[in-house]
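# Observations on chain architecture
Residue-level listing of the chains:
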Amino acid sequence: MSSNLDETGGQRVAARSFDPPGPSARERSRRRKWIYVLLMMALIVTLFELSRPSTKDTKDAPGQAGGVLAQYRDEHGLSQTELGQIDPTSETIRLATLGMRGFASTMLGIKAIDYQMKKDWTRLRATLDQSIKLQPHSIHVWRYQAWNLSYNVSVAFDDYHDKFYWVIEGLKYMLEGVHENDKEPRLCWDMAWFISNKIGRDDAAKYYRRLFSSKRGPDGKEPPDYVKDFRERFVPPGGFPSWMDQEKLDDNWQVGKAWFLAAESKINPPRYPVRGMATVIFYSDAPTCQFYYADNLEKDGTFGQKAEKAWRDAENEWYAFGERPVDTSYEIPLQLNRREELVDRAEEKKDRLDALAPGERENLENGNDGKGGKRAKLELVERAVWDKYRDDLAKYKKARKDRQSGKPAAPVLQPSLDQGLRERAEAQPDEIARRAPQVHYDEAMRLADEIRADEQLARFTKNERDKVNFDFWRMRARAEQTPECIAARKAAYDGDRAYSKGDMIRARPLYEKSFELWRKVLDTLEFKALIEDVSFGGDLVDIIRRYERCLDQDDRDLPRPFILQDIVDKWGARQGAPLPPVGQKKPKNAAP
Amino acid sequence: MVVENLQITPLMEWLLGAGWHQGLLWQTAGIVVLAILLTVGGLGLLTILRRSSDTPGQAVSMWVGSLFGVLSLLVLAAVALCSTAQTRAFLTDYIANPVFHVLAPLLGTEWSGGALYTWLAVAAGLTGIVYAVCWNSAIVVGGPLVGTRQCGAAVVGIFSDIARISLRRIFALAWLAVRESIRRRVVVVFVVFVILILFAALFINKDSLHPGQLYIQVVLNFTIGLAMLFAWILSALSLPADIRDRTLHTVVTKPVRKLEIVLGRVLGFVFVGTVLLAGIGVISYVFTVRSLSHTHQLTVEKLEARTLPGHRGTMLRGATSKSHAHEHEVTIIVRPDGSAAAEPVGNAKSASGGQAAGGSGNTWADRLDATVETRKDHTHDLYVSGSGDTAVYTLGPPVGQLQARVPIYGKLAFHDKTGADKDKGINVGDEWTYRSFIEGRTNAAAIWTFSGLREDMFPESRFPNGIPVEMTLEVFRTYKGDQERGVAGTISLENPETSKKVFLRNFSAKKFATDVQIIPRSFVVAGSDGRAETIDLFRDMVSSDGGLRIIIQCLEPQQYFGMAQPDLYIRAADSSFAWNFCKGYLGIWLQMALVIGLGVMFSTFLSGPVALLATIFVVICGLFSSYIVQLAGGSIVGGGPFESITRIMTQDNMTSQMAPGMQTNVIKAADQVTSLMLRYFAAVVPDVSNNDFVDRVACGFDVGPDLLTRCFLCEAAYLLPVILLGYICLKQREVAQ
């Protein structure tokens, strides 16, 4: 008989297994591990598909698009390599900030402001270098600081050599930005603007242009080494165009033009559209450089065929610019050259509309049907303007017809009229079309729509033209090519040289010759409107003032009427000019 | 180059106030008496304290407690009186001024401006405030008698501890701290610095106009960053780690005083930091000197020859080879055979060394007057061997790039355009008002008055041409004028004693560049009678007490010159650049020592991370102390903390007026209280950047002994109370007691 007590007298306990029912712990652990491994495999495959990098084509194998994320990055241009080069130093410094890149950038920005205030230029420059390493793809930082160096820091100096050094420092800073962000057009544009306008139109432009070139100065010294160093690196992305010879490489306007063209080549909407300015202005900068190049050629004393060719090139480039379709805020691309064509087309259609509804124009405008015309409601002055416009338009149409049929035609410019007056004085196309006989009604209405569209496009084109002063530059390019104009400029240049040496006796007849030639130019119908431009008129007034001082030597006044009296009347009393209006004696103690 | 905040006040004047030399105590007899009193009294006190028991008697505790209690009440009363303008005026008129007048014969006429007395007053004030807080707490807990006795006993205990410290134990604990630092691989700092230096070239723009300044600033700023980091982490984490790991218990259970523990830690870490800084300093110096060291080549083919008219010889001009992103233009005038210059001109040397010009004129080198253009703050000596077309020209190492000028500064005063005396010139609208301006073609002038000049300070052997004066003027043009030349000015000299004034010369101002003008020892001027007069500088123009006035005026109408006091100085001598570089590192050492002291102090009563934060908080507040003072003074737009919080929450801008009412009154009152606290806090926190000599070393100015001594004294003035505070906190803490 079994006992509940064991040999020691203790309570006997039935042996029990401590393993719970079902799989053992070891088996459960093994199972879990297998599940984990399978999950990991599934995740790895998924991750691989998501984040597989793209590869480039090699000679052994074609490139691959990569995983989902890589394709997405490529499609939307989001990868860092899309922005430009990746600088290992910059990446290292950014990592070293341990996530406080924004704070570090802000502190460096504050320091830079402090150093600039205290005119500690060395530290300012060093701080800007450090700051940009933290944010190499921040376009606005590159733009602002390069502009700050070239425009603000440079003017803090007294000696123009020092000023130019800092202009070049700003350019070098911007150059680094271009290399770091080689797809960004704004940096190229800024580079072009600094080279062209800062160097070419600053108060010290005379010195800057000379220092910029590779020529020796009047003291026989070579250009400073920082300029030589910059010139070794100032090649725009894609290189200089083939038409850039050594002479053009020495001219800041030509180099600026090359950079403007480089900026144009980087426009790639939607990622890289034209930003910050109207498209028409953006594309006008390159040909405008050619104008200033030609202008400065003559200011530097180069005339004759070279100057003529420069202006001719300017006209051709301006024409090519006018042929380019430009995007506008009207959501219609248009071409600046087409305005006259559009106006002519609209007038032809108006003639056809008048043929469909004969006499209705006169009824509406002049009230021939006894119902009172639009003309009657105009002011007397407006009526005179309107009548003159109609006369000029008639002459223009006749001259155009004669030219088209091969007959000799008088030189007549396409007349223009204020849009407000036109709406009040002219019979509108739809008004005429509604009065057309029933049989011609549909065609008349269609013509009216087309006339309205053409006139609207012509107006938009005029607006876009006004943004870039298209008409003036075209007219000037044509005028400056003429032998009279080139001779006028040469005479004025020679007169200025004699004047600067104090030889008033020699300067006076040269000025007089210049004025006679200018008179001939301005009397040409095609170039009459040149007188309306403030800078053109201002330049002539400056020459007239110097001529006046030559006359002062003999105690003579400016003759009245002066050969350029229209220029004197319009621009002789400019506000802010330090001297009294042309024709009046200057005070004895006025500054030279 | 601007180096703001140049300390021009002499050391003793700063320490003891202007007119200190008139105080009886600072005469020879007074100093002797003071020394005897301090020595005898100090030794006596030390003896008494060392011989007395650790636990002071009740009577002594009561007396000491009461005395300190009365002093703390006086301090609290003074603080309270300083809180409003009216009570401050009362305190000044009826208490402060009489005390100042009574002590003036003893300490000097303006002793109240002395840093020593200010420190004593602040130390006494802080001690009084701390004692008052502790005393009140003790009274609340145990009653007035017990509280006073306990506080008195604590004070006596502190003095007793101080008297009983053992240098041997301190050094032993310091050595322990050193070993602990090594165990924590503090040498990593050294490795990090070496790596940073290897990549330093990436941070340095080789095209800089001032590469010497740039290199020095980079290496010193790297060092400061590393040293601060090292000091901060090591000092703040050490004690808390020991307390957590209970390793401190083995120390505390020995007969070691808490003050010795704190002192030992500080000294140990400072020692480790010193060794690291020494190593880093050597590497930095070698790196800087080697990086800047360069030379250029000059070949005969690069020289263009031009014959000078009047049989004056031939001029050779050309450019050296390019090195370190620059080249130099060299102009060599070869005088006709047999002639020699009356004075050595230029820096042509013969290949065997020694100045060539001024010789017999027989050798080729003797006939050369060479000038190597200064670029990027330096020039080179030109060495010649051979002659004629086969001469070989070599340029030596750079000269003038790494220097340590010892300037003699004068005091600047102005005349306005009518000639009346003025403290400042005109403000031309510059945002930074460091410089003020004088108008051209008027009586306006800037006058520097120097004193203490002696002829033996400018020996002829070192200053053969005369006394060098360096100036950095700013130019403000109201119209462009002739852009091909600088704005003209004049330099004149005046004897302040005899008022004799002579015109020296005209000059063309160079903006943002140091213009060196030499004042000859003897020169000829047109006298008042039209006859030529020879002027001896030291005999005629320097007064008997060494005074000299240098007057700068602008010649061109409607143009302005701008200047500040340090912009013109006499360059008496040059100190060694290497030694000046060391002094730059001394400044870093001072900053590091201060951070170590603060870190150890905070770690005595805070945990590691909190001590880290507290240390960095105090350091940052010190760096921004001037801003905090402006904030406390109400000159910052947007108000104090409570007003700012209100504006943030209500999305209000900083400049609009707050709506009048009870809420605004409460906010402004609370801000006034915080402003008071901020003002006192800003006055107490140390500004580590005061010991920053980077600018001076980089710009080539010597760190003078006055400045160095002043910084050391300020450091000691901060470290002493910081260490005491650390000791008191550790003493109160129960660590294995």
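Read on for an overview of the structure. The structure presented is a predicted model; accordingly, all values stated were derived computationally and were not measured. (Residues numbered from 1 in each chain as written. Chains lettered and ligands numbered in written order. Predicted model: local features only at pLDDT ≥ 70, side-chain atom pairs only at ≥ 80, totals over all residues. Heavy atoms only, no water.)

Once that is clear, we can look at the sheet that holds strand 22 (residues 559–563) of chain B. Residue and element names in this part refer to chain B. Reading across from one edge, 12-22-15 is the order of the three strands in this open sheet, with antiparallel pairing throughout. Of all the strands in the sheet, the pair left with one neighbour each is strand 12 (436–439) and strand 15 (474–477). Put simply, the sheet's adjacent strands are angled 30° from each other on average, direction ignored. Pairing of strand 15 with strand 22 involves four bridges; the strand directions are antiparallel. Directly across from glutamate 474, in strand 22, lies its bridge partner glycine 562. (Pairing = 2+ DSSP bridges. Helix = DSSP H or I, 4+ residues; strand = E, 2+ residues; numbered from the N terminus. Axes fitted to C-alpha atoms, helices over the stretch in contact; angles between N-to-C directions.)

What follows deals with the sheet that holds strand 11 (residues 421–422) of chain B. Residue and element names in this part refer to chain B. Ordered by their spatial adjacency, six strands build an open sheet running 11-10-13-21-16-17, and the pairing between neighbours is antiparallel. The two strands at the open ends of the sheet, each matched to only one other strand, are strand 11 and strand 17 (501–508). Relative to strand 21 (residues 548–554), strand 16 (residues 488–494) is paired through six bridges, and the arrangement is antiparallel. Residue pairing for strand 21: leucine 493 is matched across the bridge by isoleucine 550.

Here we take up the packing of helix 3 (residues 58–81) of chain B against helix 6 (residues 144–163) of chain B. All names here are of chain B. Where helix 3 contacts helix 6, the axes come no closer than 7 Å and their chain directions differ by 95°. On the basis of the axis angle, helix 3 is roughly perpendicular to helix 6. Residues Gln58, Val60, Ser61, Met62, Val64, Gly65, Ser66 and Phe68 of helix 3 touch helix 6, and the partners they reach there are Leu145, Thr148, Arg149, Gly152, Ala153, Val155, Val156 and Phe159. Partitioning the contact of helix 3 with helix 6 into residue classes produces nine nonpolar, six polar and one charged. (Parallel < 35°, antiparallel > 145°, perpendicular 65-115°, else oblique. Contact = heavy atoms within 4.5 Å. Nonpolar A, V, L, I, M, F, W, Y, C, P; charged D, E, K, R; others polar.)

Core analysis: the biggest nonpolar cluster contains 108 residues, and A:Phe164, A:Trp259 and A:Ile567 have the highest contact counts within it. Residue contributions to this core peak at eleven residues, all from helix 8 (residues 160–180) of chain A. Sequence-distant contacts of A:Trp259, that is, excluding residues within four places in its chain, are made with A:Leu175, A:Val178, A:Cys188, A:Met191, A:Ala192, A:Ile195, A:Phe234, A:Val235, A:Pro236 and A:Pro237. B:Ile224, B:Leu248, B:Val688 and B:Val694 belong to the second largest nonpolar core, which has 80 residues in total. (Core = buried A, V, L, I, M, F, W, Y, C linked by side-chain atoms within 4.5 Å. Buried < 20%, exposed > 50% of the residue type's maximum accessible area, 1.4 Å probe, protein only.)

Take unusual backbone geometry next. The linkage connecting A:Arg560 with the following residue, A:Pro561, adopts the cis geometry, with an omega of 0°. Notably, A:Asp555 is not glycine yet its phi reads approximately 60°, a positive angle. Looking at where A:Asp555 falls in the secondary structure, it is placed in the loop between helix 25 (534–553) and helix 26 (565–571). Relative accessible area serves as the criterion here: at 65%, A:Asp555 is assigned to the exposed category. Here B:Phe512, not a glycine, exhibits a phi torsion of approximately 60°, which is positive. Mapped onto the elements of the fold, B:Phe512 is located in the loop between strand 17 and strand 18 (515–519).

What follows covers the pattern of salt bridges. All names here are of chain A. Applying the stated rule across the entire model yields 93 salt bridges over all chains. Across the pair glutamate 308 and arginine 312 runs a salt bridge whose closest N-O atoms are separated by 3.2 Å. A residue pair is termed a helical-turn pair when its members lie 3 or 4 positions apart in one helix, as glutamate 308 and arginine 312 do in helix 15 (residues 304–323) at four residues. Residue arginine 312 is classed as partly exposed on the basis of its relative accessible area of 34%. Each of the salt bridges in this network shares a partner with another, and the network as a whole consists of Glu347, Lys350, Asp351, Asp354, Arg361, Glu365, Lys397, Arg422, Glu426 and Glu455. (Salt bridge = Lys/Arg side-chain N within 4 Å of Asp/Glu carboxyl O.)

Before going further, it helps to examine the side chain of A:Arg489. Counting through the fold element by element, A:Arg489 comes out in helix 23 (residues 483–500). Apart from residues lying up to four places away in sequence, A:Arg489 is in contact with A:Glu298, A:Phe303, A:Arg476, A:Glu480, A:Trp518 and A:Phe536.

This part takes up the packing of aromatic side chains. Applying the stated criterion across every chain, the model contains 57 aromatic pairs over all chains. Geometrically, the ring pair formed by A:Phe291 and A:Trp311 is tilted, given 6.2 Å between the ring centres and 45° between the ring planes. Of the two residues, A:Phe291 is situated in helix 14 (residues 279–299) and A:Trp311 in helix 15; the sequence distance between them amounts to 20 residues. The same class applies to A:Phe291 as to A:Trp311, namely buried. Between the aromatic rings of A:Trp318 and A:Phe470, the centroid separation amounts to 5.4 Å while the plane-to-plane angle is 25°, which identifies the pairing as stacked. Separated by 152 residues along the polypeptide, A:Trp318 in helix 15 and A:Phe470 in helix 22 (residues 470–481) bring together distant segments of the chain. Members of the aromatic cluster, each reached through a chain of ring pairs, are A:Trp253, A:Phe291, A:Tyr292, A:Trp311, A:Trp318, A:Phe321, A:Phe470, A:Phe472 and A:Trp473. Across from the ring centre of A:Trp243, 4.5 Å away, lies the NZ or CZ of A:Lys257, which sits over that ring. Between B:Arg405 and the ring centre of B:Phe701, over which it is positioned, the NZ or CZ distance is 4.9 Å. (Phe/Tyr/Trp six-rings, centres within 6.5 Å; stacked < 30°, edge-to-face > 60°. Lys NZ or Arg CZ within 6 Å of the ring centre and 35° of its normal.)

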